[in-house]
Amino acid sequence: MSENDEMTGTDGMSGMSGANEASGPDATGVTGVTGAAGVTGPTDVAGRAGAPGAGAGRGGTGGKTAVTPPTHAAPPARFSHGVRKGGILQVAGQVGFLPAAPGEPPAVAGPTLREQTRQTLANVEAVLTEAGATWDDVVMLRVYLTDVAHFAEMNEVYDAYLADVAVPPARTTVYVGLPQGLLVEIDALAVLD
């Protein structure tokens, strides 16, 4: 969870949507904002390049690396789409936005839970892939739904998407409020060898 927990009950949809404290294309972080997107190598939490192995103090990376897939725009606040430290990868909450298109506002994959769940899982997978991880590395998923009635349908999509994963991750599902039109958010914790 992140600094936005108090306001949203989730991590502020850091995936491709950005935080929900503000509105408009720039607030979403999906309109081709430049900055942390595409940053490679060790960075601190602000996306500033740090020396490999820099200390954990303010301004150093503490061995943490921000992970931002090319399909994700820079977040509008101080959080990363994913953070890898050693063999641990935390994927921030992802939502059902289609890949970012420069100059375009964020676009939801569709109005249905089925469409949004598939895209949300694809967005989690994009962060995993960028960090060199796969679904087999994921040990924990948290699913945030806006409606209890969506649980069975989400499970159908989830089970089909992860059908080839030998040992499925542990999972928790909670019910929350998300910005209008968004029905699901998913975050992940992976351990890499």
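See above for the structure.
The text that follows walks through the structure, step by step, so that each part is easy to find. Here the structure is a predicted model, which is why all the values come from computation and not from measurement.

1. A closer look at the side chain of D137
Then, number 1: Its location among the elements puts D137 in the loop between α3 (113-130) and β4 (138-145).
Then, number 2: Beyond its immediate chain neighbours, meaning those up to four positions away, D137 contacts G132, L189, A190, V191 and L192.

2. Quick word on α3
Residues that lie three or four places apart on an α-helix share one face, since the helix turns once every 3.6 residues.
Then, number 1: The end-to-end C-alpha distance of α3 is 26 Å, a good match for the 26 Å that 18 residues give at a rise of 1.5 Å each.
Then, number 2: For α3, every residue scored as buried is listed here: L113, Q116, T117, Q119, T120, L121, N123, V124, V127 and L128.
Then, number 3: Lining the buried residues of α3 we find β1 (64-67), β2 (82-85), β3 (88-95), β4, α4 (151-161) and β6 (184-191).
Then, number 4: Of the residues flanking the end of α3, it is G132, one or two places downstream, whose phi is positive at about 80 degrees.

3. What to know about the pairing of β2
Then, number 1: Of the pairings in the sheet, the one linking β1 to β2 comprises four bridges and is antiparallel in character. The residue bridging K64 from the neighbouring strand is K85, located in β2.

4. Remarks on the pattern of salt bridges
Two side chains with opposite charge may pair up if their charged atoms get near one another.
Then, number 1: Scanning the model with the defined rule gives three salt bridges in all.
Then, number 2: For R142, the salt bridge is made with D187, and the minimal N-O distance between the two is 2.9 Å. With a gap of 45 residues between them, R142 in strand β4 and D187 in strand β6 connect regions that are remote in the sequence.
Then, number 3: Classification of R142 by relative accessible area gives partly exposed; the value is 22%.

5. Topic: the nonpolar core
Then, number 1: L89, L128, W135 and L141 are the most contacted members of the largest nonpolar core, which totals 25 residues.
Then, number 2: Residue assignment for this core shows that the elements contributing at least two residues are β3, α3, β4, α4 and β6.
Then, number 3: Within the second largest apolar cluster, six residues are counted, among which are F97, Y144, L178 and L182.

6. Some points on the sheet that holds β1
Whenever strands of a sheet pair, they do so through backbone hydrogen bonds, lying parallel or antiparallel.
Then, number 1: Taken together, six strands build an open sheet; the order of strands is β1-β2-β3-β6-β4-β5 and the sheet is mixed. Edge positions in the sheet fall to β1 and β5 (170-175), since each has one partner strand and no second. The average undirected angle you get between the axes of adjacent strands in this sheet is 15 degrees.
Then, number 2: With six bridges connecting them, β4 and β5 associate as parallel partners. When the bridges of β5 are listed, Y144 appears paired with V174.
Then, number 3: Here α3 sits on the sheet in contact with β1, β2, β3, β4 and β6, set at roughly 150 degrees to β3.
Then, number 4: Where α4 meets the sheet, it contacts β4 and β5, and its direction lies at approximately 150 degrees from that of β5.

7. What about a nonpolar patch on the surface?
Then, number 1: Taken together, the side chains of I88, V139 and V191 present a nonpolar region at the surface, about 210 Å² in accessible area.
Then, number 2: Its location among the elements puts V139 in strand β4.
Then, number 3: Since its relative accessible area comes to 41%, V139 is described here as partly exposed.

Thresholds, definitions, all that
- Residues numbered from 1 in each chain as written.
- Predicted model: local features only at pLDDT ≥ 70, side-chain atom pairs only at ≥ 80, totals over all residues.
- Heavy atoms only, no water.
- Helix = DSSP H or I, 4+ residues; strand = E, 2+ residues; numbered from the N terminus.
- Contact = heavy atoms within 4.5 Å.
- Expected span 1.5 Å × (residues − 1).
- Buried < 20%, exposed > 50% of the residue type's maximum accessible area, 1.4 Å probe, protein only.
- Pairing = 2+ DSSP bridges.
- Salt bridge = Lys/Arg side-chain N within 4 Å of Asp/Glu carboxyl O.
- Core = buried A, V, L, I, M, F, W, Y, C linked by side-chain atoms within 4.5 Å.
- Axes fitted to C-alpha atoms, helices over the stretch in contact; angles between N-to-C directions.
- Patch = residues over 30% accessible without salt bridge, like charges linked within 9 Å, V, L, I, M, F, W, Y side chains within 5 Å.
- Areas by Shrake-Rupley, 256 points an atom, 1.4 Å probe, with all protein chains shown as cover.

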